[in-house]
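Structure assessment
Chain by chain, the residues:
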Amino acid sequence: MRKAPELLAPAGSLEMMRTAFAFGADAIYAGQPRYSLRVRNNEFGDLGILGEAIAEAHAAGKQFFVVSNIYPHNAKLKTYLDDMAPVIALKPDALIMSDPGLIDMVRTQWPEQVIHLSVQSNTVNWAAVRFWQKMGISRVILSRELSLDEVAEIRQQCPDIELEVFVHGALCIAYSGRCLLSGYFNHRDPNQGSCTNSCRWDYKVSTSDGQPVNFYQNPEQEILLEERQRPGELMPIEEDEHGTYIMNSKDLRAIEHVHRLTEIGVDSLKIEGRTKSPYYVARSCQAYRRAIDDAVAGRPFDPSLLGELENLANRGYTDGFYQRHHDADYQNYLRGHSESDKSQYVGDAVAFDATRGLMQVAVKNRFALGDNVECVHPQGNLRLRIGRMENAAGEAVAVAPGSGHTVWIDLPAGHAGSFVSRLF
């Protein structure tokens, strides 16, 4: 049996944390809004909620890491130690940090506090890992820009420090997240936690002379980029023989590499997405938990896991920089399993009504009588066809119209608390 890497999941709320643990996560990470790179959709700015979450995690034998990874300007240095004192008192298992000055301040004030080095610090070689180890860092979160072989070499050169890598979630177009687009467009600095995801806005291209865009027939043609909400603000872009690189990256999915990462001896596999939904956390944790358990037991990778992750909202998937060149057979292997068993998250199974013999469902997206659905539950998933649906008055209905509605459908009592997805 190989050593099992930790499955580390994101959480922006107590509900997300509880979902992550229920579906197999060993630890979660959450940020303090003022000092992490995720301000929005974050309950943990409330010290009462943060304390409750840390205590609950520890009672369950799980770990809770607090993210404090901004690169602060001078104004935030003045308040940092005072603001962090009550957080440290709650005994998080680690702080995830990136700025050398803040790291030094924390190590001076609280020398026993465990610190993990954030991916924002762009650690890409074993010499840098050794440096940070000398500075008292317990774990280094390696840059997303590394290949599997490079991760393996770092592990060999640095055998006695914890290493963590990202395996799933959004990829930034800038180096490990150090982007300035949002700050440039609307003065919300990504490196201070207020990114507006400018790379994912709706852009169109045009030319300065009003002609069709055709770089190859007219290489001197000036091509301009325009964002939908900013008409008239034209930005020149360039294209070379490889194409035009306009910002919106595919999402990372490296579940097929969990076996190799486990063999390498990576200590933690991390899912990105603190602003995502509990359904996202449930699906991703469930899939990666199975992949880790299979890798540890020596079982082969289950390709059906690719399809399960395809059911999450995504911009298309890539395995990033882990494997630079894929042969045609490998590409077909990934594509074939990714395109099967598509589904959409449509509701939460709230509670079973024994009198009616039906499950109350809080609707998130439209579904209908006769649809095939899957109940995603910590104790195992169940697929079935909806044969009965009622409204609050007990009247038969054929359609659950969409978010904000409640219906009762014929799901088994044991699947209360599950996420419901429609198969198509």
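What you see is a predicted model; the values in this text were computed from it and never measured.

As for the side chain of Asn 42
Along the chain, the position of Asn 42 falls in the loop between strand 2 (27–31) and helix 2 (47–59). What makes Asn 42 buried here is its relative accessible area of 18%. At a separation of 2.7 Å, a polar atom in the side chain of Asn 42 contacts the main-chain carbonyl oxygen of Gly 31. A polar atom in the side chain of Asn 42 sits 2.9 Å from the backbone nitrogen of Phe 44.

Let's talk about unusual backbone geometry
Phi is positive for Asn 122, which is not a glycine, with a value near 60 degrees. Tracing the chain through its elements places Asn 122 in the loop between strand 5 (115–117) and helix 5 (126–134). Positioned with a positive phi, Asn 197 is a non-glycine residue whose angle comes to about 55 degrees. Within the secondary structure, Asn 197 is located in the loop between helix 7 (181–186) and strand 8 (203–207). By relative accessible area, Asn 197 is classed as partly exposed at 23%.

What to know about the packing of helix 1 (residues 14–22) against helix 2
Direction vectors running N to C along helix 1 and helix 2 enclose 10 degrees, while the axes themselves pass 10 Å from each other. With respect to helix 2, the axis of helix 1 lies roughly parallel. Judged by residue contacts, Leu 14, Met 17, Arg 18 and Phe 21 of helix 1 engage Ile 49, Glu 52, Ala 53, Glu 56 and Ala 57 from helix 2. Each residue belonging to the contact of helix 1 with helix 2 can be placed in one class, and the counts come to six nonpolar, no polar and three charged.

Some remarks on the side chain of Glu 164
With respect to the helices, strands and loops of the structure, Glu 164 is situated in strand 7 (residues 162–169). For Glu 164, the side chain forms a polar contact with the side chain of Arg 139, separated by 2.7 Å.

Considerations on the pattern of salt bridges
As enumerated under the stated definition, the model contains 21 salt bridges in all. When the shortest N-O distance is used, the salt bridge between Glu 164 and Lys 270 registers 3.2 Å. In this pair, Glu 164 is assigned in strand 7 and Lys 270 in strand 12 (residues 268–271), connecting sequence segments 106 residues apart. For the residue pair Glu 164 and Lys 270, the accessibility class agrees, reading buried in each case. The salt bridge partner of Asp 302 is Arg 290, with a shortest N-O separation of 2.8 Å. Here Asp 302, found in the loop between helix 9 (278–297) and helix 10 (304–310), pairs with Arg 290, found in helix 9; they are twelve residues apart in sequence, far enough to count as distant. Among the residues examined, Asp 302 registers a relative accessible area of 24% and is labelled partly exposed.

Cut-offs applied
Residues numbered from 1 in each chain as written. Predicted model: local features only at pLDDT ≥ 70, side-chain atom pairs only at ≥ 80, totals over all residues. Heavy atoms only, no water. Helix = DSSP H or I, 4+ residues; strand = E, 2+ residues; numbered from the N terminus. Buried < 20%, exposed > 50% of the residue type's maximum accessible area, 1.4 Å probe, protein only. Polar contact = N/O pair within 3.5 Å; in protein donor to acceptor, adjacent residues only side chain to side chain. Axes fitted to C-alpha atoms, helices over the stretch in contact; angles between N-to-C directions. Parallel < 35°, antiparallel > 145°, perpendicular 65-115°, else oblique. Contact = heavy atoms within 4.5 Å. Nonpolar A, V, L, I, M, F, W, Y, C, P; charged D, E, K, R; others polar. Salt bridge = Lys/Arg side-chain N within 4 Å of Asp/Glu carboxyl O.

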